[in-house]
Amino acid sequence: QVQLVESGGGLVQAGGSLRLSCAASRLTFSFYTMGWFRQAPGKEREFVAAISWGGGGANYADSVKGRFTISRDNAKNTVYLQMNSLEVEDTAVYYCAAQYRGDTSSSYNLRAYGYWGQGTQVTVSS
């Protein structure tokens, strides 16, 4: 069974940085678009960032653009989310997701992702 395991969450002060990791197993990692989503208490799960399977193209939610960077290491079957200049509003559970191939449009759509991790908590304090 496909497995995605997030790590790297924690408690940080506003303005600080954190790097999340998502390790994938039992899938051909290089054929999957990888995405990060987040969900704050009482809110819908929302798109954060995604990186394509075929060329390394990335896209971001407007709320994190310029602060977050998504990257992947296909040799390690791992996708990362570098989060800088963190804000209190970034507090949420962050989920890693995998979508077989896909494109720029589908990368924003959580329903297009077939596999999900269990999430890792990120808490930003003021």
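Look a little higher up for the structure.
My aim in this report is to walk through the structure given alongside it, one point at a time. (Residues numbered from 1 in each chain as written. Predicted model: local features only at pLDDT ≥ 70, side-chain atom pairs only at ≥ 80, totals over all residues. Heavy atoms only, no water.)

1. Describing unusual backbone geometry
Comment: phi is negative for the bulk of residues other than glycine, and the bulk of peptide bonds are trans. The backbone of R26 shows a phi angle near 65°, a positive value even though the residue is not glycine. According to the relative accessible area criterion, R26 is exposed, its value standing at 59%. Here R101, not a glycine, exhibits a phi torsion of approximately 55°, which is positive. Following the sequence through the fold, R101 ends up in the loop between β9 (92-100) and α1 (104-107). (Buried < 20%, exposed > 50% of the residue type's maximum accessible area, 1.4 Å probe, protein only. Helix = DSSP H or I, 4+ residues; strand = E, 2+ residues; numbered from the N terminus.)

2. Some points on the sheet that holds strand β3 (residues 18-25)
Read from one edge of the open sheet, four strands run β1-β3-β8-β7, paired in antiparallel fashion. Here the strands that pair on one side only, and so sit at the sheet edges, are β1 (3-7) and β7 (68-73). Between one strand and the next, the sheet's axes are offset by a mean angle of 15°, whatever the strand orientation. As defined by bridge partners, β3 adjoins strand β8 (residues 78-83) across six bridges and the pair is classed as antiparallel. Note on β8: the bridge partner recorded for S21 is Y80. (Pairing = 2+ DSSP bridges. Axes fitted to C-alpha atoms, helices over the stretch in contact; angles between N-to-C directions.)

3. Here we look at the packing of aromatic side chains
Tallying each qualifying case throughout the model produces eight aromatic pairs. For the ring pair F37 and W116, a centre distance of 5.1 Å and an interplane angle of 55° mean the geometry is tilted. Of the two residues, F37 sits in strand β4 (residues 32-39) while W116 sits in strand β10 (residues 115-116), which places them 79 residues apart along the sequence. Using a relative accessible area of 26% as the deciding quantity, one classes W116 as partly exposed. One aromatic cluster in this structure is built from F37, F47, Y108, Y113 and W116. Directly above the ring of Y95 sits R45, whose terminal nitrogen or CZ lies 3.7 Å from the centroid. We note R45 situated over the ring of W116; from NZ or CZ to the ring centre the distance is 5.0 Å. (Phe/Tyr/Trp six-rings, centres within 6.5 Å; stacked < 30°, edge-to-face > 60°. Lys NZ or Arg CZ within 6 Å of the ring centre and 35° of its normal.)

Interpretation note: all reported values are geometric properties and have no functional meaning in isolation.
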